[in-house]
Amino acid sequence: MKNQAVAIDLQEPLQVQVKVKDALNQEVMVNGTVFGLVQISPNSNVNPLVNQGINFSANTGKAPYVFSMVSGLGTISSSGSFTAGVSAGAVQIKVVDTLNQQNTFSFTVHPEISINTSNCANIPETQSCTISATGGFGSRTFAVDKGVVNASSGLYTGSCVN
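Asks: Which residues make up the overall build of the chain, and what values go with them?
Replies: Assigned secondary structure in the chain consists of zero helices and 15 strands. Burial analysis of the chain (162 residues in total) assigns 25% to the buried set. Considering only intrachain contacts with a sequence separation of at least 6, the fraction spanning at least 24 residues in the chain is 44%. Approximately 10600 Å² of the chain is accessible, and the part contributed by carbon and sulfur atoms is 51%.

Asks: Any chance you could break down the packing of aromatic side chains for me, citing the residues and the numbers?
Replies: In this description, an aromatic ring pair is defined by two values, namely the gap between the centres and the angle between the planes. Evaluated as defined, the whole model comprises five aromatic pairs. With a centroid separation of 5.3 Å and 90 degrees between ring planes, the pair formed by phenylalanine 82 and phenylalanine 107 is classed as edge-to-face. Highlighted residues: phenylalanine 82 in strand E8 (residues 81-84) and phenylalanine 107 in strand E10 (residues 102-109), separated in sequence by 25 residues. Of the two residues, phenylalanine 82 and phenylalanine 107, neither departs from the other in class, the shared state being buried.

Asks: Which residues make up the sheet that holds strand E14 (residues 148-149), and what are the values?
Replies: Read from one edge of the open sheet, three strands run E12-E15-E14, paired in antiparallel fashion. With partners counted over all chains shown, the strands left at the sheet margins are strand E12 (128-130) and E14, one partner each. Relative to strand E15 (residues 155-157), E14 runs antiparallel, the two sharing two bridges. Note that in E15 the partner of valine 149 across the bridge is tyrosine 156.

Asks: Tell me about the pattern of salt bridges, and name the residues and values.
Replies: Across all of its chains, the model carries one salt bridge by this definition. In this structure, lysine 21 and glutamate 27 form a salt bridge, with 3.9 Å as the shortest nitrogen-oxygen distance.

Asks: Outline the nonpolar core, supporting the account with residue identities and numerical values.
Replies: For soluble globular proteins, nonpolar side chains are generally found buried alongside one another. Of all hydrophobic cores here, the largest spans 17 residues; its most connected members are Phe56, Phe67, Phe82, Ile93 and Phe107. When residues of this core are traced back to their parent elements, those giving at least two are E8, strand E9 (89-96) and E10. Those residues in contact with isoleucine 93 that lie beyond four places of it in its chain are Ile40, Phe56, Phe67, Ser68, Met69, Val70, Ile76, Asn103, Thr104, Phe105 and Phe107.

Procedures and definitions
Residues numbered from 1 in each chain as written. Predicted model: local features only at pLDDT ≥ 70, side-chain atom pairs only at ≥ 80, totals over all residues. Heavy atoms only, no water. Helix = DSSP H or I, 4+ residues; strand = E, 2+ residues; numbered from the N terminus. Buried < 20%, exposed > 50% of the residue type's maximum accessible area, 1.4 Å probe, protein only. Contact = heavy atoms within 4.5 Å. Areas by Shrake-Rupley, 256 points an atom, 1.4 Å probe, with all protein chains shown as cover. Phe/Tyr/Trp six-rings, centres within 6.5 Å; stacked < 30°, edge-to-face > 60°. Pairing = 2+ DSSP bridges. Salt bridge = Lys/Arg side-chain N within 4 Å of Asp/Glu carboxyl O. Core = buried A, V, L, I, M, F, W, Y, C linked by side-chain atoms within 4.5 Å.

Pasting the structure below:
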């Protein structure tokens, strides 16, 4: 048996035996289980769109786990099934285990991507126009099946794209 404190990152419950002995050699021993801090998964690369769902789970800690919303638009079931709201924005969820350990996770709900080709309606073949897009997540690339479009800027040359 060790007589020192050790910090460990528990991925699985750890069975421990604690023994105490006094100067008169009186001894008491207790067996127990040490649980790690409750964690939320996934906890990276979470980029849902409005009205989209994600299933979260908890690990380590001691089951059962209960999820809840802390802030933002959307809903989450007690078992971790999240559905984003109708508007984009920041969201924070929380999980609590049987030992009342808590952990939170924050992420952003992104708007759905939309495209605007209105200024490209009925243009002559030799003219150019810019196709624009809003929403979505990260960088956007443009592609067309007729004419030529710059993949990064959306500058289009060719006849009507509508």
